[in-house]
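Read off the chains here:
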Amino acid sequence: MAREERNFIGFTVALISEFALRFNIRPRQAYAYLKRFKGMEHLQNHYGILHTQSFSDTVDVLAQVCANNGGELQ
């Protein structure tokens, strides 16, 4: 596995954990929510920018993306 892939996976796992903590849900639920409401798609498409931001800012962005796609976590 290339270093870039390992970095993406590590960042994604940490971000899902932070998302779960923010919304008081389990990491598995956070992943399913992000997947369903296109947060994971946004993360994959914009990883180059998102990984340079704080986890807090990135969680805010993903929460907004999900809300724009029908998600209701606030």
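Residues numbered from 1 in each chain as written. Predicted model: local features only at pLDDT ≥ 70, side-chain atom pairs only at ≥ 80, totals over all residues. Heavy atoms only, no water.

Asker: Hey, could you run me through the packing of helix α1 (residues 3-23) against helix α4 (residues 55-68) in this one?
Answerer: Two measures define how a pair of helices packs: the angle their axes make with one another and the distance between the axes. The N-to-C vectors of α1 and α4 enclose an angle of 75 degrees; their axes lie 10 Å apart at closest approach. Classified by the angle between their axes, α1 and α4 sit roughly perpendicular to one another. Mapping the contact onto sequence places Phe-11, Ala-14, Leu-15, Glu-18, Phe-19, Arg-22 and Phe-23 in α1 and Phe-55, Ser-56, Thr-58, Val-59, Asp-60, Leu-62 and Ala-63 in α4. When grouped by side-chain class, the residues that make up the contact of α1 with α4 number nine nonpolar, two polar and three charged. (Axes fitted to C-alpha atoms, helices over the stretch in contact; angles between N-to-C directions. Helix = DSSP H or I, 4+ residues; strand = E, 2+ residues; numbered from the N terminus. Parallel < 35°, antiparallel > 145°, perpendicular 65-115°, else oblique. Contact = heavy atoms within 4.5 Å. Nonpolar A, V, L, I, M, F, W, Y, C, P; charged D, E, K, R; others polar.)

Asker: Can you help me understand the nonpolar core in this one?
Answerer: Within soluble globular proteins, side chains that are nonpolar tend to cluster in buried spots. Counting 18 residues, the largest nonpolar core has Leu-15, Phe-19, Leu-34, Leu-43 and Leu-62 as the members making the most contacts within it. Contributions of two or more residues to this core are made by α1, α2 (27-36), α3 (39-50) and α4. Here this core gets six residues from one element, more than from any other, and that element is α1. Setting aside residues up to four positions removed in sequence, Leu-62 forms contacts with Leu-15, Phe-19, Leu-34, Gly-39, His-42 and Leu-43. (Core = buried A, V, L, I, M, F, W, Y, C linked by side-chain atoms within 4.5 Å. Buried < 20%, exposed > 50% of the residue type's maximum accessible area, 1.4 Å probe, protein only.)

So yeah, pure geometry; function would need other evidence.
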